[in-house]
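Summary of the model geometry
In case you want the letters, here they are:
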Amino acid sequence: MGGNGANQLGVAMAGLMQRFRPLLEERIALLESTATAAAGGTLTAEKLAEGYGAAHKLAGVLGTFGLQEGTVLAREAETICSGKHPPDTAESLRIQAIAAQLRVMLAESN
């Protein structure tokens with residue numbers, strides 16, 4: 001692929017990132033609300049499943065946009081949310097930290 005083709009791909013990927021940014025932000029917000037519910041003792045099985053799904057989807061897409069570290073973090077959140085038990089306090093705090101890191105990565109990817 002020549003320089004022009006690589007440039008076109010970069011432009012296309014930037015456009016896709018802008019298009020999917022609101023959905024990525026929504027998934028990060030789901031992780032945050034899962035962590036908040038777990039920390040507050042109000043986590044339901046449905047909410048935990050939402051957190052798992054959000055983390056799973058983030059893990060799958062962030063690498064596509066060159067955010068490999070985001071994929072690693074999202075997989076960690078996915079693992080925490082995949083357990084048969086609700087996340088404990090330390091795990092809830094870790095999910096919150098992961099969500100914060102993902103927000104920063106997304107903001108810096110402009």
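To be clear, the structure that these remarks concern was listed above.
Described in the following lines is the structure provided in the data block. (Residues numbered from 1 in each chain as written. Predicted model: local features only at pLDDT ≥ 70, side-chain atom pairs only at ≥ 80, totals over all residues. Heavy atoms only, no water.)

1. Considering the nonpolar core
Leu24, Leu31, Leu58 and Leu102 are the most contacted members of the largest nonpolar core, which totals 26 residues. For this core, the secondary structure elements donating two or more residues are α1 (3-40), α2 (45-62), α3 (68-81) and α4 (89-108). (Core = buried A, V, L, I, M, F, W, Y, C linked by side-chain atoms within 4.5 Å. Buried < 20%, exposed > 50% of the residue type's maximum accessible area, 1.4 Å probe, protein only. Helix = DSSP H or I, 4+ residues; strand = E, 2+ residues; numbered from the N terminus.)

2. Details of the pattern of salt bridges
Per the stated rule, a full pass over the model turns up three salt bridges. The shortest N-O distance in the salt bridge between Arg103 and Glu32 comes to 2.9 Å. Here Glu32 lies in helix α1 and Arg103 lies in helix α4, a separation of 71 residues in the sequence. The partner of Arg94 in a salt bridge is Glu76, and the shortest N-O contact between them spans 2.8 Å. Of the two residues, Arg94 is situated in helix α4 and Glu76 in helix α3; the sequence distance between them amounts to 18 residues. (Salt bridge = Lys/Arg side-chain N within 4 Å of Asp/Glu carboxyl O.)

Taken by themselves, the reported measurements are silent on function.
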